[in-house]
Amino acid sequence: MTEKQSLLARKKSKIVLLLINPIFNYITWKEEPKIYYYSLHNLIVDRKEKLMAWKEQKSNDLISLMEKINNLAISSNEKLRKILEIQESKLIFINYPRSKEDLQELEKWIRFADQNPPTLLLVHFTEKTKEIFAELKNTSIICPLCERSWKKELTIKAGTFLCPADEISFSQNEIEKFNEHLFTDHTKKNIEIIEYGKKNKYKILQRELSLPTDFESEILQKSLQEQINKI
Ligand SMILES: [Zn+2]
């Protein structure tokens, strides 16, 4: 059997691209049968190595470094292909693709693996919950390595941020600059991804955060999980 034929013999999975502002990335995803989650967590070892090397040298700033790391993250290796070969009923990519270009790369692999086109699930806040979002932005900080959202008061001490998950530290000044960049960049690139998705007739679902309780970790996780289960 050729490689292509063996891929054709596989069962198709439903692919969901979950686009969520990193400020809401305080959710802990529960293991669900037949669902495979892909997130930055899958790349953490490699990312940490690059960040630790950078901390020794600091030859460029954190924003430029992270752009470089994020662009290399997945397309340069075989990870995408391997994930698309996983035989689960659903493959959920959390905040991947990061850009329209990533999505185009993913499309190529999806075609190669003879999988169905992905569904885009966009999580966003509404006018009604704008203030809660602003408040979250003031009180939370995103780790450049894992891109998880943490409470500032628990993770920043004496001008230094320490990530509780992967024990890497950054100065408050550099991480705050990085956070500002990440928000702008994430919003801009998500708009491009959604526009591209509309043009290419992808199924696009939206989850509007319209109530204060929508922002609570467990409620948000549960409602997203329910939405994913229906896809
Ligand atoms: Zn982290």
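Summarised in this report is the structure supplied together with it.

## Here we look at the nonpolar core
Right, on to step 1. Membership of the largest hydrophobic core comes to 44 residues, with the highest contact counts inside it found for Leu18, Ile20, Phe24, Leu51, Phe161 and Leu224.
Right, on to step 2. For Leu51, the contacting residues outside a window of four places in its chain are Leu62, Leu65, Met66, Ile69, Leu145, Ile168 and Phe170.
Right, on to step 3. Of all hydrophobic cores here, the second largest spans 23 residues; its members include Leu17, Leu84, Tyr196 and Tyr202.

## Section: the packing of aromatic side chains
Two descriptors summarise a pair of aromatic rings, namely the distance from one centre to the other and the angle between the planes of the rings.
Right, on to step 1. A complete count under the given rule lists eight aromatic pairs for this structure.
Right, on to step 2. For the pair Phe125 and Phe133, a centre-to-centre distance of 4.0 Å together with 10° between the ring planes defines the contact as stacked.
Right, on to step 3. The exposure class assigned to Phe125 is partly exposed, which follows from its relative accessible area of 29%.
Right, on to step 4. Using a relative accessible area of 10% as the deciding quantity, one classes Phe133 as buried.
Right, on to step 5. A cation sits over an aromatic face here: Arg148 above Trp150, 5.7 Å from the ring centre.

## A look at unusual backbone geometry
Right, on to step 1. Omega for the peptide link from Tyr96 to Pro97 comes to 5°, which places this bond in the cis form.
Right, on to step 2. Inspection of the secondary structure assignment puts Pro97 in the loop between strand 3 (90-94) and helix 5 (100-112).
Right, on to step 3. Notably, Lys58 is not glycine yet its phi reads approximately 50°, a positive angle.
Right, on to step 4. Positionally, Lys58 belongs in the loop between helix 2 (44-57) and helix 3 (62-72).
Right, on to step 5. Phi angles above zero are rare outside glycine, and Asp114 is one such case at about 55°.
Right, on to step 6. Looking at the element boundaries, Asp114 is found in the loop between helix 5 and strand 4 (119-125).

## Comments concerning the coordination of the zinc ion
Right, on to step 1. Binding of the zinc ion to the protein goes through Cys143 (SG), Cys146 (SG), Cys163 (SG), Asp166 (OD) and Asp166 (OD), at separations of 2.2 to 2.7 Å.
Right, on to step 2. The sequence pattern formed by the donor residues of the zinc ion is C-x2-C-x16-C-x2-D. Remark: Cys163 occurs in the loop between strand 8 (160-162) and strand 9 (169-171) and Cys146 occurs in the loop between strand 5 (140-142) and strand 6 (149-151); sequence separation between them is 17 residues.
Right, on to step 3. Judged by its relative accessible area of 10%, Cys146 falls in the buried class.
Right, on to step 4. Here Cys163 falls in the buried class, since its relative accessible area comes to 0%.

## Comments concerning the pattern of salt bridges
Right, on to step 1. Summed over all chains, the structure comprises 10 salt bridges.
Right, on to step 2. In this structure, Lys12 engages Asp114 in a salt bridge whose closest nitrogen and oxygen atoms are separated by 4.0 Å. You can see Lys12 sitting in the loop between helix 1 (3-8) and strand 1 (14-20) and its partner Asp114 sitting in the loop between helix 5 and strand 4, a full 102 residues away along the chain.
Right, on to step 3. A relative accessible area of 29% places Asp114 in the partly exposed class.

## Let's talk about the sheet that holds strand 10 (residues 203-209)
Right, on to step 1. Pairing is parallel across the open sheet formed by five strands, whose spatial order is 2-3-1-4-10. Looking at strand neighbours, the two that pair on one side only are strand 2 (35-38) and strand 10, the edges of this open sheet. On average, each strand axis in the sheet is inclined to that of its neighbour by 20°, with strand direction left out of account.
Right, on to step 2. In the sheet, strand 2 pairs with strand 3 via four bridges, with the strands oriented parallel. Note on strand 3: the bridge partner recorded for Tyr36 is Leu91.

## Details of the sheet that holds strand 7 (residues 156-157)
Pairing between the strands of a sheet is mediated by backbone hydrogen bonds and can be parallel or antiparallel.
Right, on to step 1. Read across the sheet, three strands follow the order 7-8-9 without closing on themselves; strand pairing throughout is antiparallel. Strand pairing shows two members of the sheet lacking a second neighbour, strand 7 and strand 9, which therefore form its edges.
Right, on to step 2. Examined bridge by bridge, strand 8 and strand 9 share three bridges and lie antiparallel to one another. Residue pairing in the sheet places Thr160 in a bridge with Ser171 of strand 9.
Right, on to step 3. Taken strand by strand, helix 8 (residues 172-199) contacts strand 7, strand 8 and strand 9, and its axis lies near 90° from that of strand 9.

About the thresholds
Residues numbered from 1 in each chain as written. Predicted model: local features only at pLDDT ≥ 70, side-chain atom pairs only at ≥ 80, totals over all residues. Heavy atoms only, no water. Core = buried A, V, L, I, M, F, W, Y, C linked by side-chain atoms within 4.5 Å. Buried < 20%, exposed > 50% of the residue type's maximum accessible area, 1.4 Å probe, protein only. Contact = heavy atoms within 4.5 Å. Phe/Tyr/Trp six-rings, centres within 6.5 Å; stacked < 30°, edge-to-face > 60°. Lys NZ or Arg CZ within 6 Å of the ring centre and 35° of its normal. Helix = DSSP H or I, 4+ residues; strand = E, 2+ residues; numbered from the N terminus. Donors = N, O, S within 2.8 Å, 3.2 Å for Na, K, Ca; no water. Salt bridge = Lys/Arg side-chain N within 4 Å of Asp/Glu carboxyl O. Pairing = 2+ DSSP bridges. Axes fitted to C-alpha atoms, helices over the stretch in contact; angles between N-to-C directions.

What is shown is where atoms sit, not what they do.
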